[in-house]
Amino acid sequence: MPELPEVETTRRGISPHLIGQTIQATVIREPQLRWPIPADLPERLDRRTVRTVERRGKYLLIGTNRGTLIVHLGMSGSLRILSPDSPPRKHDHLDIVLANGTCLRFHDPRRFGCVVWTENDPQVHPLLAGLGPEPLSTSFDAAYLYRKARGRSTPVKSFIMDSHVVVGVGNIYANEALFRAGIAPRRQAGRIALPRYEKLVLSIRAVLSEAIEQGGTTLRDFVNENGNPGYFQQTLQIYGRSGLPCYRCGQSIRTERLGQRSTYWCPSCQR
DNA sequence: AGTGCGGCCTGTCCGC
DNA sequence: TGCGGACAGGCCGCAC
């Protein structure tokens, strides 16, 4: 599910409920995620106070006065704020109960997500250390992408989905950004000129910002902290439109698998 | 070093 | 209605 806009929507939603709150209890129901939830998490978290709720790429960083909880929502994860009394549904793997009588609940059917604890600077944690720049920051620009693409034969779609190149661009938004930039997904990253990377950077920024404004994309199960879906799926111009006419030129949209991911493009608008 | 896969999981949908 | 297979928003880790 979640790409950067969904994680950012979640961050904005949960942040005011968490900051300044003391953690009263931590309930692990199912520790087997991508990596096991550490068994000693309750004793590490309980009585700590949440100071910050940040995002790095698709990772959420819940900072306390002792350490940081690093949460990834994987493919199907969500975080909700609710009463600790509300009965857990299937796949509600973790509760963090707060002193104000609410609870942060982690739900993840496919269990591709993770919950990791660190008492060091989270930015040097192996999961975060090698990440590329934030796409909405000024350090992400055409010159950077162009330089990074030198000598790379990988398709540009795989290139921009590589979190070591730039974080937060998942399959949906990669398809959308390439359509807006007029670049064919299979075009080799190292064979794209600087001006086209200018366009691509602007497209990535625009698509991600618009999606954040709309509360993310809900194809099947993304929900925000209140359990409500996002609305950006109404704005998708290419993703999922196989065989339908291109909104720009009317030609039939094609689909193909590229790097095991569904890829959609307009053969006449994207070169 | 860069590239391309397998694998982790459950749920859903589609064709037979 | 049941069943097998493909597929789904991510990403690590492994071969080559």
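See the structure above.
So, here's what we can say about the structure. Computed from a predicted structure; not experimentally measured. (Residues numbered from 1 in each chain as written. Chains lettered and ligands numbered in written order. Predicted model: local features only at pLDDT ≥ 70, side-chain atom pairs only at ≥ 80, totals over all residues. Heavy atoms only, no water.)

On to the overall build of chain A, then. Along its length, chain A carries seven helices and ten strands. On C-alpha atoms alone, chain A measures out to a radius of gyration of 20 Å, which is about the 18 Å that the 2.2 N^0.38 rule sets for 271 residues. Each of the three principal axes of chain A carries a C-alpha extent, and together these read 55 × 35 × 30 Å. Considering only contacts in chain A between residues 6 or more positions apart, those separated by 24 or more positions represent 64%. Counting only carbon and sulfur atoms, one obtains 47% of the accessible surface of chain A, whose full area is about 12,200 Å². Treating the 37 positive side-chain charges of chain A as one cloud and the 24 negative ones as another, the clouds have centres 9 Å apart. (Helix = DSSP H or I, 4+ residues; strand = E, 2+ residues; numbered from the N terminus. Rg over C-alpha atoms; globule rule 2.2 N^0.38 Å. Contact = heavy atoms within 4.5 Å. Areas by Shrake-Rupley, 256 points an atom, 1.4 Å probe, with all protein chains shown as cover. Lys, Arg positive; Asp, Glu negative; His and termini not counted. Charge placed at Lys NZ, Arg CZ, Asp CG, Glu CD.)

Here the focus is the environment of Arg-257. Along the chain, Arg-257 falls in strand 9 (residues 254-258). Take Arg-257: its relative accessible area is 54%, and that puts it in the exposed class. Apart from the residues lying within four places of it in its own chain, the contact partners of Arg-257 are Arg-186 and Ser-262. A polar side-chain atom of Arg-257 sits 3.5 Å from a polar atom in the side chain of Ser-262. (Buried < 20%, exposed > 50% of the residue type's maximum accessible area, 1.4 Å probe, protein only. Polar contact = N/O pair within 3.5 Å; in protein donor to acceptor, adjacent residues only side chain to side chain.)

This next bit is on the nonpolar core. Core analysis: the largest hydrophobic core is formed by 29 residues, its most contacted members being Leu-145, Phe-159, Ile-160, Tyr-197, Leu-200 and Ile-204. Examining the composition of this core, we find that seven residues originate from one element, helix 7 (residues 194-213), more than from any other. Setting aside its immediate chain neighbours within four residues, Ile-204 contacts Pro-135, Phe-140, Ile-160, Val-169 and Ala-177. (Core = buried A, V, L, I, M, F, W, Y, C linked by side-chain atoms within 4.5 Å.)

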